[in-house]
Amino acid sequence: TKEVIVFEQILYCTAVACKIGFELLDSIKPKEDNINRTIERTNGLIFTEYVMKNLLKHYKKSEAELLLSNACKNVKSNNSKLFFELRKIIDPKIELSKAFDPVANLGDAPRMVDVFCNKVNNKNK
């Protein structure tokens, strides 16, 4: 019976938390300069997952892993950028610019956010 007694309070608190969450989501504005600074500080290492995905189109998995691993080590030892280190050791015909494009790296995230927001907005009507 305790659950029944507090159930209304739980629902109320959940509703208030959701309302505050939506208000916060509406107020969030990404700061491009902070995003760019973070990308810059990583020397491109933040893109390793997407780079690996692209390398796998051209190399066997073991080769791609070795190339990327060596490039990452060189980034650290030379205080260089991943893009430039990869350019030194991979086939020059391989296009890498998309792998280092932050917008291209979003994948399905924008669509998933839109789907979620649409579902929530439709339930609130």
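Located above this text is the structure these notes cover.
Residues numbered from 1 in each chain as written. Predicted model: local features only at pLDDT ≥ 70, side-chain atom pairs only at ≥ 80, totals over all residues. Heavy atoms only, no water.

Enquirer: Would you explain the overall build of the protein in this entry?
Expert: Helices and strands together make up the secondary structure of the protein, namely six helices and zero strands. Counted from the first residue to the last, the protein has its helices and strands arranged as α-α-α-α-α-α. At 22 Å, the protein has a C-alpha radius of gyration far larger than the 14 Å of a compact globule built from 125 residues. Dimensions of the protein along its principal axes, counting C-alpha atoms only, are 65 × 30 × 30 Å. Classification of the 125 residues of the protein by burial places 19% in the buried group. Within the protein, residue pairs in contact and separated by at least 24 positions form 47% of the contacts whose partners lie at least 6 positions apart. Only carbon and sulfur atoms are counted for the fraction: they give 60% of the accessible area of the protein, which is about 10,000 Å². If you average the places of the 21 positive and of the 16 negative side-chain charges in the protein, the two averages end up 2 Å apart. (Helix = DSSP H or I, 4+ residues; strand = E, 2+ residues; numbered from the N terminus. Rg over C-alpha atoms; globule rule 2.2 N^0.38 Å. Buried < 20%, exposed > 50% of the residue type's maximum accessible area, 1.4 Å probe, protein only. Contact = heavy atoms within 4.5 Å. Areas by Shrake-Rupley, 256 points an atom, 1.4 Å probe, with all protein chains shown as cover. Lys, Arg positive; Asp, Glu negative; His and termini not counted. Charge placed at Lys NZ, Arg CZ, Asp CG, Glu CD.)

Enquirer: What is the right way to read helix α1 (residues 2–27) from this model?
Expert: The periodicity of an α-helix, 3.6 residues per turn, causes residues three or four positions apart to be oriented the same way. Compared with the 38 Å implied by 1.5 Å per residue over 26 residues, the 38 Å span of α1 between its first and last C-alpha is a close match. A bend of about 30° at Glu8 is the largest found in α1. (Expected span 1.5 Å × (residues − 1). Bend = angle between axes of the 7 residues up to and from the residue.)

Enquirer: Would you mind going over the nonpolar core with me for this structure?
Expert: In a soluble, globular protein the nonpolar side chains are often hidden away together inside. Grouped together as the largest cluster of nonpolar side chains are 18 residues, with contacts concentrated most on Val51, Leu55, Leu82, Leu86, Ile90 and Phe100. Ranked by the residues each element gives to this core, the list is headed by helix α4 (residues 61–78), at five residues. Val51 has contacts with Leu68, Leu82, Leu86, Ala99 and Phe100, leaving out every residue within four places of it along the chain. (Core = buried A, V, L, I, M, F, W, Y, C linked by side-chain atoms within 4.5 Å.)

Enquirer: Explain the packing of helix α3 (residues 48–55) against α4 here, please?
Expert: Relative orientation and spacing of two packed helices are given, respectively, by the angle between their axes and the distance between those axes. The geometry of α3 relative to α4 is characterised by a closest axis approach of 9 Å and an angle of 145° between their N-to-C directions. For the pair α3 and α4, the crossing hand works out as right-handed. Seen from α3, the contacting residues are Thr48, Val51, Met52 and Leu55; seen from α4, they are Ala64, Glu65, Leu68 and Cys72. Its residues assigned to classes, the contact of α3 with α4 shows six nonpolar, one polar and one charged. (Axes fitted to C-alpha atoms, helices over the stretch in contact; angles between N-to-C directions. Left-handed = near helix turned anticlockwise from the far one by under 90°. Nonpolar A, V, L, I, M, F, W, Y, C, P; charged D, E, K, R; others polar.)

Enquirer: Would you take a moment to explain a nonpolar patch on the surface for this structure?
Expert: Taken together, the side chains of Tyr12, Val16, Ile20 and Leu24 make up a nonpolar region of the molecular surface, amounting to roughly 400 Å² of accessible area. Looking at the element boundaries, Ile20 is found in helix α1. With a relative accessible area of 44%, Ile20 lands in the partly exposed category. (Patch = residues over 30% accessible without salt bridge, like charges linked within 9 Å, V, L, I, M, F, W, Y side chains within 5 Å. Salt bridge = Lys/Arg side-chain N within 4 Å of Asp/Glu carboxyl O.)

Enquirer: Would you mind showing me how to read the side chain of Glu85 here?
Expert: Positionally, Glu85 belongs in helix α5 (residues 82–89). A distance of 3.0 Å separates a polar atom in the side chain of Glu85 from a polar atom in the side chain of Ser80. Side-chain polar atoms of Glu85 contact the side chain of Lys88, separated by 3.2 Å. Excluding its chain neighbours within four sequence positions, the residues that come into contact with Glu85 are Ala71, Asn74, Val75, Asn78 and Ser80. (Polar contact = N/O pair within 3.5 Å; in protein donor to acceptor, adjacent residues only side chain to side chain.)

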